[in-house]
Structure formats: C-alpha cells, structure tokens
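Below are the chains, spelled out letter by letter.
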Amino acid sequence: MIRSIIGLFVLSALVIACSKNALTGKGQFTLLPESELQTMATTEYQQFLSSNKVIATSNNRDAEMVRRVGQRITKAVDAYYAEKGISDKLAGFKWEYNLVDDKAVNAWCMPGGKIVVYTGLLPITQNEAALAAVMGHEVSHALLQHGNQRMSQGLAQQLGGVALSVAVANKPQQTQNLFLGAYGAGTQLGVLLPFSRKHELEADDWGLKFAAMAGYNPQEAINLWKRMEQASSGQKPPEFMSTHPSEGRRIEQLEKLMPEALKYYKPVGN
Ligand SMILES: [Zn+2]
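Predicted model only: the values in this text are computed from it and were never measured.

About the criteria used
Residues numbered from 1 in each chain as written. Predicted model: local features only at pLDDT ≥ 70, side-chain atom pairs only at ≥ 80, totals over all residues. Buried ≥ 20, exposed ≤ 12 C-beta atoms within 10 Å, placed from the backbone. Helix = DSSP H or I, 4+ residues; strand = E, 2+ residues; numbered from the N terminus. Pairing = 2+ DSSP bridges. Axes fitted to C-alpha atoms, helices over the stretch in contact; angles between N-to-C directions. Parallel < 35°, antiparallel > 145°, perpendicular 65-115°, else oblique. Left-handed = near helix turned anticlockwise from the far one by under 90°. Contact = placed C-beta atoms within 7 Å. Nonpolar A, V, L, I, M, F, W, Y, C, P; charged D, E, K, R; others polar. Expected span 1.5 Å × (residues − 1). Arc of directions from axis to C-beta. Core = buried A, V, L, I, M, F, W, Y, C linked by C-beta atoms within 7 Å. pLDDT = per-residue confidence, 0-100.

J.: I'd love a proper account of the pairing of strand E5 (residues 107–110), names of residues and values included.
T.: Residues Ala107 and Cys109 point to one face of E5 and Trp108 and Met110 to the other, with burial holding for every one of them. By the bridge criterion, four bridges tie E5 to strand E6 (residues 114–118) in an arrangement that is antiparallel. From the neighbouring strand, Ala107 faces E6, where its bridge partner is Val117. Hairpin connection between E5 and E6: a loop of three residues separates the two successive antiparallel strands, and Gly112 in this loop has a positive phi of roughly 80°.

As structure tokens, this is what we get:
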C-alpha cells in the first residue's frame, strides 16, 4: 500500500515535470506553471520598456512594420490553434510588439507574447519577410515553452529547484537574471545563454510555418541567415548569433524544412 502511494507520488511528480506542449504534442521538462512566468514577464517587459527607448508607431515606418508583422504572425497562430482545437492554450497570451532604439542585433519574445525587436536587427533583416522569419522564430520559442524549460533548469541548478515565487522572494536579482537569460533578453547583464540546437531547430521549423501562414515567403529566412552569418564574421558577433548559434548547418536545415513550410504559404502581397 505504502509502496503504491509512493509510486503514485513519484508518478505525479513526473507528470508535472514532463508536461506536454500543445503545439508539438511532445513531452517536455517544464517545472514552472506558464501562468507564473507570464505574470513575471508582464513586470519584466514593462521594466524593460521603461528603461529603453521605445519607438512609437506613429510616423515611424519601422515601428509600424514590426507591429504589422507581429499582428499578422499572431493572427496566423490564433487561427492555427483554433483549427487544432487548442485555443485555450493561448488564454494567457496578450501579444505586444515593440521596436526599441538599440544598436544590438537582437529580438526576443517573453511568455505571454511580449515581443521586442531592436533597431540594430533591421539592417540585417532588410525586408519584411525576413523580419517575419525572425519574429516567427521568436514567437515559436515562446509557444514551445523553451524559455520555461531553460528557466526550470536554471532554477533546479542554481536555486535548488524551489518554486518561482520562493525564488523571486528570496533571490530576486538572481531570479531576474535567470529569467532574462532564459528568454535571450539578458544582454545588458551579461547573462547570454545560447538556445540548444534542438530548440533552435524546433523554433525554425514552426517559425517558418507561422511566417508562411501569415503570408510571408518563408524562403527569405535563408537569405536572412546568410546575412546574419556575414554580420557575425566581424569582431563582435551580434547578440542574436550568441543566443542563436548556427554552427554552419542552419541553412542546410532550413532548406530541409522548406518544402513543408511552403505548403502553408499563401502570399497576400507584401
Ligand atoms: Zn532561437
């Protein structure tokens, strides 16, 4: 009897740790309730926006473009989730898209759909479809809960696997650094963490599909990564390349993913 109770306890602990991602249907190591991360993201996002120069969309074509691309991609995400009957998984998402004036080549998406694009990225994206490739990729990291997995691992390794609320209460600075690092937003604090190759491939896969569903030619992603690699041959590689290592095989992998992504592509005249 006791053994079966212990067994049940272990089993339920495993079930919590290995939740399923709605998009892939695959198991994953997420210890943290996404809702708690979304709450934390709301605070961190506001703090980031208030301490950086946000470019208003009025009379700024780049800021307008970031918002337009974001809206088109998230509309595609909404439609896809509705079609799959999993719209409830987006309940905590309140998408926001902001362009900040910063030379860093960077972009990220926090839980609940809090997106930032840095102006330094735009000379490399050069066109709207390439920006859609980056934003689709970042949105996919959020939907795939990659940050949650990184944050879960970080909490387990650095803070002994305590609950998020306990970590925030006891070690606020360390927890904030972990959080920003987990979402690729920690450049100023020097806590850049590269996403794993597996996460990168998964985010590329879904990112291409969502960009395509939003009416952007996914093939532009290949040109984008060529430019990204050129930019990273300089003395200081862009932040985006530090968190998104390409290892030279990215373009090859994108080409493999392309036929499937192109099935979702419906041009709407960019
Ligand atoms: Zn990535």
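J.: Tell me about the packing of helix H5 (residues 128–143) against helix H9 (residues 197–213), residues and numbers included.
T.: Packing of H5 against H9 brings their axes to within 7 Å, and their N-to-C directions diverge by 120°. When the axis of H5 is compared with that of H9, the two are oblique. The crossing of H5 and H9 is right-handed. Touching Ala132, Ala133, Gly136, His137, Val139, Ser140, His141 and Leu143 of H5 are His199, Ala203, Asp204, Trp206, Gly207, Leu208, Phe210 and Ala211, all from H9. Counted by class, the contact of H5 with H9 contains nine nonpolar, six polar and one charged residues.

J.: Got a sec to walk through helix H10 (residues 220–231)? Specific residues and values, please.
T.: Here H10 contains twelve residues, and its C-alpha end-to-end distance of 17 Å stays within 8% of the 16 Å for a straight helix at 1.5 Å per residue. Looking at H10, one finds that the buried residues are Glu220, Ala221, Leu224, Trp225 and Met228. The buried residues of H10 all sit within an arc of 135° when viewed along its axis, so they share a single face. Of the residues in H10, the exposed ones pointing more than 90 degrees away from the buried face are Lys226 and Gln230. Check the buried side of H10 and you find it contacts helix H4 (122–125), H5, H9, helix H11 (239–243) and helix H12 (250–262).

J.: Before we move on, could you go through the packing of H10 against H12 and cite the residues and values that matter?
T.: Two elements in contact, H10 and H12, have axes whose closest approach is 10 Å; the angle formed by their N-to-C orientations is 175°. Compared by their axis directions, H10 and H12 come out roughly antiparallel. Residues Ala221, Ile222, Trp225 and Lys226 of H10 lie in contact with H12, whose contacting residues are Arg250, Ile251, Leu254 and Glu255.

J.: Kindly report on the nonpolar core, identifying the contributing residues and their values.
T.: Among the nonpolar cores identified, the biggest contains 65 residues, and Ile73, Ala107, Ala132, Met135, Phe210 and Ala211 are the most heavily contacted of them. Here this core takes ten residues from H5, the largest share from any one element.

J.: Before we move on, can you summarise unusual backbone geometry with the specific residues and values?
T.: The phi torsion at Gln126 lies on the positive side, around 65°, for a residue other than glycine. Following the sequence through the fold, Gln126 ends up in the loop between H4 and H5. For Gln126, a count of 13 C-beta atoms within 10 Å puts it in the partly exposed group.

J.: Summarise the confidence of the model for the chain; cite the residues concerned and give the values.
T.: The share of residues in the chain with pLDDT of 70 or more is 87%, and the mean pLDDT across the chain is 87. Residue range residues 7–15 is modelled with pLDDT below 50. Its contacts to residues more than four positions away, or to other chains, number zero contacts.

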